[in-house]
Amino acid sequence: YATTGVLHSDGRPPSGVQVLGAARYADLLVTFDQVTLSVPGATTVQMQGTMTVAAQPTWDMNARWSDFRWPLTGAVVLRSPSGTMQASGWREFRYRIDGEFAAAGAEPFTGHASGQFTETQMIVEESAWQSFGGEIAVQGMLSRDAHRAWTLTGRAGQVDPATLREDLPGRLTFDFAASGRGFDGQ
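Just so you know, these numbers come straight off a predicted model, no measurement behind them.

This part is about the packing of aromatic side chains. Summed over all chains, the structure comprises 9 aromatic pairs. The interplanar angle of 5° and the centroid separation of 6.5 Å between the aromatic rings of Phe68 and Trp70 together place this pair among those described as stacked. A residue is classified by how much of its surface remains accessible, and Trp70, at 47% relative accessible area, is partly exposed. Members of the aromatic cluster, each reached through a chain of ring pairs, are Trp65, Phe68, Trp70, Phe101, Phe109 and Trp129.

Once that is clear, we can look at the pairing of strand S3 (residues 29-38). Across 9 bridges, the pairing between strand S2 (residues 17-26) and S3 is antiparallel. Within S3, the residue paired with Gln18 across the bridge is Ser38. A loop of 2 residues connects S2 with S3, the two strands running antiparallel in sequence, and Asp27 in this loop sits at a positive phi of about 50°. With 8 bridges joining them, S3 and strand S4 (residues 44-52) adopt antiparallel strand pairing. Across the sheet, residue Ser38 finds its bridge partner in S4, namely Thr44. Where S3 hands over to S4, the hairpin turn is made up of 5 residues, of which Gly41 adopts a positive phi near 75°.

Rules used throughout
- Residues numbered from 1 in each chain as written.
- Predicted model: local features only at pLDDT ≥ 70, side-chain atom pairs only at ≥ 80, totals over all residues.
- Heavy atoms only, no water.
- Phe/Tyr/Trp six-rings, centres within 6.5 Å; stacked < 30°, edge-to-face > 60°.
- Buried < 20%, exposed > 50% of the residue type's maximum accessible area, 1.4 Å probe, protein only.
- Pairing = 2+ DSSP bridges.
- Helix = DSSP H or I, 4+ residues; strand = E, 2+ residues; numbered from the N terminus.

Geometry only, nothing functional implied.
As structure tokens, then:
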């Protein structure tokens, strides 16, 4: 099977998202040889993988991207010049991401994270990031309900506070833990 075209919908750039894909089917297994989603002059995501056709389907996908931005239109919340993701499961799945990232208004970071995406939570079981001139390891959880409860624990090593304020030279190493609900100032 092959597909090519342009996807237009709310939340997509006026040019749409170009879709190019090839897949094959045999013995209850769909193999996606290549699926490419791209926004001309910007984001490109390439994926390969499989999906088992059964009463409880499962999929196993690998993706890589360049010049990724989210959302695709409007104010950018997250940019990633390059990265990869592996994911497997169905409604609940395991994941691993690697790449370079920059959240709006924050210091860029590079590294990886792995965990689970369940019906009720997004869980980071393990991560290691380079940012603020040092290394940061984080574990945590974000609930997917309306309250958006979250927890975060980890360790920062050799962080340079001068990346935030030039008048604070030196290096810091510390453990941290935090929890809350929502993302507002409270």
